[in-house]
Amino acid sequence: MPANRPRPPRRPHARAAAALAAGLALAALTPQAAEGGPPSARAEDSGRQEDGDRQEDGDRQEDGGGEKEGGSEKDGSGAAVRVNQIGYLTGAAKVAAVVSAAGKPVGWRLRIHGSGAVAASGRTRVHGHDRASGDHVHHADFSRHRTPGRYVLEADGAGRSVPFSVRDRALYPALARDAMGYFYFHRMGTPVEARHLQYPAHAHEALHPGDASVPCYRRWCGKQRLDVRGAWADAGDFGVYPVNHALAAWTLLNLHERDPRALPDGSLAIPERSNGRPDVLDETAYGSRFIPGMLPREGLASHKVHNHAWSGFPPESVAAENAMKRSAMPPSTNATYAVARTTAHLSRVLAPHDPRRAAALWRTAEDAWSRAEARPDTDYTAAVEDAEGGGDYEDRGNSDDRYAAAAELYLTGHRRADPSTAAYRTAVTGSRHYREITRRFSWARTATTGTLSLLAARNDLPAADRVRMTRRLRAEADRILAVLGKEGYPVPLAGDRKYPWGSNSAVVNRILLLGTAYDLTGDRRYLRGAHRAMDYLMGTNALRLSYITGYGEHSETDLHDRWAWGRFPRAPFPRGWLAGGPNNTLVNDKATPKGRPAAKSYAGPRTAPGAWSSKENAVNWNAPLVWTAAFLDRTTGELTGTGRRD
């Protein structure tokens, strides 16, 4: 099979029925059952498929049926005038989507919220049939209106939008911090304390402190026990997966290398604040502690660590979760390169703050690289015998993983003036992936991260090669803008193709590419495009839903997360978590609707336990949300006339 094959769903297992029964019994005993909590039946998790973009290359979607004018509450689309529910910068594009069956333009009015006075008016442009949603869409463009204030937009025959702002200051000043809170919330191996959380009710004792001594599944590494304590729970479950973690860690470290002032010391509510180094590094360093421990005394790294059965939803207690049998699953080449690239990258950024740990991480990186290079490729597939309580993260090719690891080792070796640097440099420039940049990068398609690191960190590559990389980045950014411009809603996903599992992660990863292109070229088309894609996440979409918890009048309120959902019905869902998003590539739960247009294949409110196909959360989805929020905040002045904050 090709190297770019996406990960299949987690495999169904015979014991799923028992886990289901236990979960339902627990749910019946928890307070939220009387408050419209979980449904009466739930399938056991079957997990996340490849979260991005490769699925775009698959089967083309058949056109779905259109919605009636104005949409309907039944299908969740709500009012017919969809806007970014937070607002717009004064100099940004401001385009509302209006669902209307009218074949000709209709009038629109921008009214001051409260007084009702008309601040601007015009007529819509008819986009027509939106391929992804089936809606008949008009666009109301009020970009010329630059006066700060609070507004609503109304369109003839379609009603009014929710109130929103036009601002000459940052739209999302707290979002990067809120989105980073996701990672502290998901720490394992240490108590999660009330004083560091948005809502104290979510505090708990350490999850899986026993990860300090984990056996290898069916003794694939003999009687050894691995020390993998200190990690983030990967997604809705409590597994840890180096290949997925590597992408999340890379994203946060890339943010730091591109913008060293983002999330500085003291900016986050974490135990390590005020220790003299940026909080984004502290959090990433904590979440990555387990990575070196995935290496046994010899051989390749374990591909993943998780329970032998699916955890209850919600868990009965921390003690019950910690009592579940748990092992390190068999090894893979991909995981070993993931260990190498993550430890090398972390070594590079930590060196000015913690030279001793940086040196230890460098030794691990070189060791992992040597092991991967010395042994035959070992791919992790669905055929590998393992326990049922975690995802497969199947990947049948590793040339991209090798390139991404070589890039980090080369850059760190260059920074350290290490004698091995020349060999890593040769591995980079000799790779068929050298200079590769694609909008379809993901945990299983990693080459783009290596190239973006080459564009972020000091190196001695030829200047002409850097020019070629930047040219490729611009070409890919232009393709993103072209796709975004063709859709009825401002989403950089082609509407004539199915939406993948974790479609919203594809959106934020493409904003990351647009933001990097803007940083390197100063072309404001990319900055405006990044804001337009953010409009989609914030409510200018087929469901009139902000996919970011706590942001917007109609925002997501419950995601497929075992600890956040259900255990604390009186505690709001934490702010700043990104929902996986609409998905009609693979729907294997009972809550996500089947047979719907791509943009409407999304589960409704209070369905989190059974909605893993569309409403899961994950470390590699929230990390690019952090990157996006920090970038949009940093560049506010470029679209407001107040100057750029470099």
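In this text the structure is predicted, and so the values were computed from the model without any measurement.

1. Description of helix α10 (residues 421–429)
So, point 1. Along α10, the residues that are buried comprise Thr421, Tyr424, Ala427 and Val428. Relative to the axis of α10, the buried residues are bounded by an arc of 125° and lie together on one face. Along α10, the residues that are exposed and aim more than 90 degrees away from the buried face are Ala422, Ala423 and Thr426.
So, point 2. The inward-facing, buried residues of α10 abut α8 (355–374), α9 (399–416) and α11 (447–454).

2. Here we look at the sheet that holds strand β1 (residues 81–82)
So, point 1. An order of β1-β3-β7-β6 is seen for the four strands of this open sheet, with the pairing classed as antiparallel. With one partner strand each, in any of the chains shown, β1 and β6 (125–129) form the two edges of the open sheet.
So, point 2. Two elements, strand β3 (residues 95–99) and strand β7 (residues 136–141), share five bridges in a ladder whose sense is antiparallel. Across the sheet, the residue bridging to Val98 is His138, located in β7.

3. Concerning unusual backbone geometry
So, point 1. Note that the residue after Phe313, namely Pro314, is joined by a cis bond; omega there is -5°.
So, point 2. Tracing the backbone through its elements, the reader meets Pro314 in the loop between β15 (305–307) and α6 (318–322).
So, point 3. A positive phi angle, close to 50°, is found at Leu263, a residue other than glycine.
So, point 4. Note on placement: Leu263 falls in the loop between α3 (242–258) and α4 (279–287).
So, point 5. Here Arg435, not a glycine, exhibits a phi torsion of approximately 75°, which is positive.
So, point 6. Within the secondary structure, Arg435 sits in the loop between α10 and α11.

4. Some details on the confidence of the model for the chain
So, point 1. Across the chain, the average pLDDT comes to 89, with 87% of residues at 70 or higher.
So, point 2. With pLDDT under 50 throughout, residues 1–76 is counted as low confidence; its partners more than four residues away or in other chains account for 199 contacts.

5. Comments concerning the side chain of Ser133
So, point 1. Among the secondary structure elements, Ser133 is positioned in the loop between β6 and β7.
So, point 2. Separated by 2.6 Å, the side chains of Ser133 and Asp130 make a polar contact.

6. Things to note about the state of the cysteines
So, point 1. As enumerated under the stated definition, the model contains one disulfide in all.
So, point 2. The disulfide partner of Cys216 is Cys221, and the gap between their sulfur atoms is 1.9 Å. As the torsion about the S-S bond is roughly 90°, the Cys216-Cys221 disulfide counts as right-handed.
So, point 3. For Cys221, a relative accessible area of 10% puts it in the buried group.

7. Here's the deal with helix α12 (residues 463–486)
So, point 1. The end-to-end C-alpha distance of α12 is 35 Å, a good match for the 34 Å that 24 residues give at a rise of 1.5 Å each.
So, point 2. Next to the buried residues of α12 lie α11, α13 (503–521) and α14 (524–537).

8. Quick look at the packing of aromatic side chains
So, point 1. Overall, the coordinates contain 18 aromatic pairs when judged by the stated rule.
So, point 2. Ring geometry for Tyr88 versus Phe164: centroids 5.6 Å apart, planes at 85°, classification edge-to-face. One end of the pair, Tyr88, is in strand β2 (residues 87–89); the other, Phe164, is in strand β10 (residues 164–167), and 76 residues separate them in sequence.
So, point 3. Summarising the aromatic geometry, the rings of Tyr182 and Phe183 are spaced 5.4 Å apart at their centres and angled 80° between planes, so their arrangement reads as edge-to-face.
So, point 4. Since its relative accessible area comes to 0%, Phe183 is described here as buried.
So, point 5. In textbook terms, an aromatic cluster arises when at least three aromatic residues are bridged by ring pairs, as seen for Tyr182, Phe183, Phe185, Trp232, Phe573 and Trp577.
So, point 6. The ring of Tyr286 has Arg187 sitting right over it, with the charged end atom 4.3 Å from the ring centre.

9. What about the packing of α9 against α11?
So, point 1. The geometry of α9 relative to α11 is characterised by a closest axis approach of 7 Å and an angle of 20° between their N-to-C directions. When the axes of α9 and α11 are compared, the pair comes out roughly parallel. Crossing handedness for the pair α9 and α11: left-handed. Residues Asp400, Tyr403, Ala404, Ala407, Glu408, Tyr410 and Leu411 of α9 form the contact with α11, whose participating residues are Ala447, Thr449, Gly450, Thr451, Ser453 and Leu454.
So, point 2. Among the residues making up the contact of α9 with α11, the classes are represented as seven nonpolar, four polar and two charged.

10. A few points about the environment of Arg524
So, point 1. For Arg524, the position within the fold is in helix α14.
So, point 2. Looking at Arg524, the relative accessible area reads 36%, which means it is partly exposed.
So, point 3. A sequence separation of 10 residues divides Arg524 from Leu514, and the C-alpha atoms of the two residues are 9.8 Å apart.
So, point 4. Discounting residues that sit within four places of it in the chain, Arg524 has contacts with Tyr518 and Glu638.
So, point 5. Only 3.1 Å separates the side chain of Arg524 from the backbone oxygen of Glu638, close enough to count as a polar contact.

Reading the values: rules and limits
- Residues numbered from 1 in each chain as written.
- Predicted model: local features only at pLDDT ≥ 70, side-chain atom pairs only at ≥ 80, totals over all residues.
- Heavy atoms only, no water.
- Buried < 20%, exposed > 50% of the residue type's maximum accessible area, 1.4 Å probe, protein only.
- Helix = DSSP H or I, 4+ residues; strand = E, 2+ residues; numbered from the N terminus.
- Arc of directions from axis to C-beta.
- Contact = heavy atoms within 4.5 Å.
- Pairing = 2+ DSSP bridges.
- pLDDT = per-residue confidence, 0-100.
- Polar contact = N/O pair within 3.5 Å; in protein donor to acceptor, adjacent residues only side chain to side chain.
- Disulfide = S-S within 2.5 Å.
- Expected span 1.5 Å × (residues − 1).
- Phe/Tyr/Trp six-rings, centres within 6.5 Å; stacked < 30°, edge-to-face > 60°.
- Lys NZ or Arg CZ within 6 Å of the ring centre and 35° of its normal.
- Axes fitted to C-alpha atoms, helices over the stretch in contact; angles between N-to-C directions.
- Parallel < 35°, antiparallel > 145°, perpendicular 65-115°, else oblique.
- Left-handed = near helix turned anticlockwise from the far one by under 90°.
- Nonpolar A, V, L, I, M, F, W, Y, C, P; charged D, E, K, R; others polar.

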